[in-house]
Structure formats: structure tokens, C-alpha cells
Amino acid sequence: MTFSPRVFSGIKPSGDLHLGNYLGAIRRFVPLQDTHETIYCVVDMHAITVWQDPEDLKRWTYEIAAAYIAAGVDPKRSIIFNQSQVMEHAELSWIFNCVARMGWMARMTQFKDKAGENSEQVSLGLFAYPSLMAADILLYKATGVPVGEDQKQHLELTRDIAKKFNHDFKKQIKALGHKGDFFPITETLATGPAMRVKSLKDGSKKMSKSDASDLSTIYMMDDADLIAKKIKRATTDADALPSEAAGLAGRLEAENLVGIYAALSGQSVDEVLGQFGGQGWGVFKPALADLAVEKLAPIATEMKRLVADRGEMDKILRDGAERARAIAQPIMADVRNIVGFVR
Ligand code: TRP
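This one's a predicted model, so the numbers in the text were calculated from it and none came from an experiment.

Quick look at the packing of aromatic side chains
So, point 1. Using the criterion set out here, one finds 16 aromatic pairs in the structure.
So, point 2. Relative to Phe183, the ring of Phe96 has its centre 5.6 Å away and its plane inclined at 75 degrees; by these criteria the two rings are edge-to-face. Taken together, the positions of Phe96 in helix α4 (residues 88-97) and Phe183 in the loop between α9 (170-175) and β5 (187-188) put the pair 87 residues apart, joining distant regions of the chain.
So, point 3. Accessibility expressed as a relative area gives 0% for Phe183, which makes it buried.
So, point 4. Connected via pairs of aromatic rings, a cluster forms that spans Phe96, Phe165, Phe169, Phe182 and Phe183.

Listed below in C-alpha cells is the structure:
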């Protein structure tokens, strides 16, 4: 069987969105709309694997949906919805809990990092998280998932679950009239060079919502003044910019700021350095601040407009959930049949 090109991706509503979410994920969702059927989810069921204040969870759910739209995901061409509105995610994840093996889950580095010493005290949901992620993807028979380096292992596990399901139920899949595999072997989509945005105060740390310093993270809802202020106060070394990328080696803060400039301007790092090589921070930082304001402030403005209009957002999410369900339901009907559930 051939599968039509379909993309699924999701972001957890577990904190305010920042530049790392934008450059690493959301921005990459936009061009995929031209080549694929695209489904972009707010994965609220994933978020609650660790404690979330219910009011915050709602706010962040709207915020992510608004960010997708403000960044250029078109709710008509793409499906935008929140996971918990399509209950088939939960149903398929249960079946996958019974396909996946304990040992597969126990090897997940993200679980080990998050659970740490505390693995007896974290939720059972956190352990089963990758099984729910596999269900998100395979519920739509998605062929490609644009995700960063940190999610590659989860995608591999998704393929393992698909393979085991296809194998264990081979006879039933064939009896249903399917030629070949039931679930696709989903690919990790490479969407340009990896962009890992670092803290503006410490180039060895990821930009994150949990940073102690207010100035280290640019949030997607920051206004123009705040964006410019954070960039101008970013930590740097005292040297001038090099003329080519190799000269950034070991200069983590410089590498981060030049990388952000390159990503926002759509240029390569070498092109940026071709322009700024030999200049000092007194020239580069204002240029970066102007560029960041030009690219990000309109998105922030649109996000604020959208999140203030809950009626409109609810309509978009409900419409997306309905369209997601229309794809998921026939697939789930087959799955129930394949595993032997009587209906
Ligand atoms: N685990 C992903 C993350 O932490 C979020 C996610 C959940 C996801 N389901 C997904 C990403 C399906 C891509 C496809 O970033």
C-alpha cells in the first residue's frame, strides 16, 4: 500500500512559547503546507504527564494554536486542533501500550532525563508518553514528522510500534483487504539546518521557559521594546565578529546570536558573517534587534489578537478537531477490527 504524504506535529502546552519554539519548530511548519497535507496539534494530553495548573493549561493551549496561525499556518489548509478533543488518540495509545514493550520505554533518554533519580514518583503517563506520541502520528497514518534532534528516539519507537503492529496482526490486516503494511513507517522530516537557540545569558544552555533570568529568553508574545532590550543586553565576548563560520568555534554566545540572525533573515551563517565580519557588537546587536523586531513583533501582535478572541479560537479548534476525526475514525474502525474488538 502507498501512503499519501501527510505530516503530523505537535507542541506541548506547558509554558510560554519562546524563540526556540519558533525557530526550531513552528516556523518550519509553514512551508510544509505547500507539499503535504498538514496536521498541527496542541498536545494537551502530553502536557499533563507532569503537573499543569488547569488554568495555565487552557491559556497555553490557546497560545500555541494562536502561534501556529500567527506564524503562517493557515487553519483552512492545515488542520489545527488540540489532542484531547479527538478521543481516538487515547484509544489508540492504549492499544499501543499493549504493543510496545516495557524495555522499549525504559530506554527512552528523555524519560530518564525527566525522571532522574525520581523514577518511582513520576506519573505512569510520563513513562507511557512515547506510546501516546506514536498514537498521535499513526492515528492519521502520517508519513512524516518534522521534529528536532531530541525527538528522534521517540520517532524511532513510533516506527518500532508500527512494525510490530503490522507484523503481529499481519493475517487480520490482509483479511481486511489491505495490501502490505497497515501503518506507515514514518520518517523524520529534515527541514533545513538544525537550529538550537541558546539562552541569551549563557550560550551553553538551551533557551528555555524555566531560565532564572528574565532577559535570557525571548518569548513569542514579547513586544518590540522588550525584544530589542533583551538582544541589546545579551551576553557576548569582547571580540569582533569573524568573517566565516569557523571563527565562531568556542564562542558560544557569538555563535548563538549569529545563528539567530541567520535563521531570522533566511541566510546562511557565512552570509551573515560576510556582511558583519570584523564589526563589533555595537554594530551587530542593533542590527539583530531591528531584524528580530521586524520578524517577531507582528507575530506577537497577531497572537495577542487571537488569544483575546476565545470565541474565534474555539471555532478554529473545533473545526480542526472535526476534520482530524474524519481522518482518524475510519482508521480506528479498522484498528478495532484488526485487534478483534467486537462492535
Ligand atoms: N514529544 C513532542 C515534544 O516534546 C511533542 C509531541 C507529542 C509530538 N506528540 C507528537 C511531536 C507527535 C511530533 C509528533 O516536543
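Overview of the site of the ligand
So, point 1. The full set close to the ligand counts 13 residues, and Lys12, Tyr129, Met133, Asp136 and Gln151 are the nearest of them.
So, point 2. In the environment of the ligand, a nitrogen atom lies 2.7 Å from a nitrogen or oxygen atom belonging to the side chain of Asp136.
So, point 3. One nitrogen or oxygen atom from the side chain of Gln151 is found 3.0 Å from a nitrogen atom belonging to the ligand.
So, point 4. For the shell around the ligand, the element with the highest residue contribution is helix α7 (residues 124-138), accounting for four residues.
So, point 5. When the residues that make up the shell around the ligand are grouped by side-chain class, the tally is seven nonpolar, four polar and two charged.

Thoughts on the nonpolar core
So, point 1. Among the nonpolar cores identified, the biggest contains 60 residues, and Leu19, Tyr22, Leu23, Ile26, Tyr68, Ile260 and Phe284 are the most heavily contacted of them.
So, point 2. A per-element tally of this core places helix α13 (residues 281-308) first, with 10 residues.
So, point 3. Core analysis: the second largest hydrophobic core is formed by 46 residues, Ile39, Phe127, Leu155 and Phe182 among them.

Brief notes about α13
So, point 1. A rise of 1.5 Å per residue sets the reference length of α13, with its 28 residues, at 40 Å; its end C-alpha atoms lie 38 Å apart and thus fit the reference within 8%.
So, point 2. At Leu296, α13 shows its maximal kink, close to 35 degrees; a proline, Pro298, follows between one and four residues later.

Basis of the calculations
Residues numbered from 1 in each chain as written. Predicted model: local features only at pLDDT ≥ 70, side-chain atom pairs only at ≥ 80, totals over all residues. Heavy atoms only, no water. Phe/Tyr/Trp six-rings, centres within 6.5 Å; stacked < 30°, edge-to-face > 60°. Helix = DSSP H or I, 4+ residues; strand = E, 2+ residues; numbered from the N terminus. Buried < 20%, exposed > 50% of the residue type's maximum accessible area, 1.4 Å probe, protein only. Near = heavy atom within 4 Å. Polar contact = N/O pair within 3.5 Å; in protein donor to acceptor, adjacent residues only side chain to side chain. Nonpolar A, V, L, I, M, F, W, Y, C, P; charged D, E, K, R; others polar. Core = buried A, V, L, I, M, F, W, Y, C linked by side-chain atoms within 4.5 Å. Expected span 1.5 Å × (residues − 1). Bend = angle between axes of the 7 residues up to and from the residue.

Note that every value here comes from positions in space, so none of it alone points to a role or purpose.
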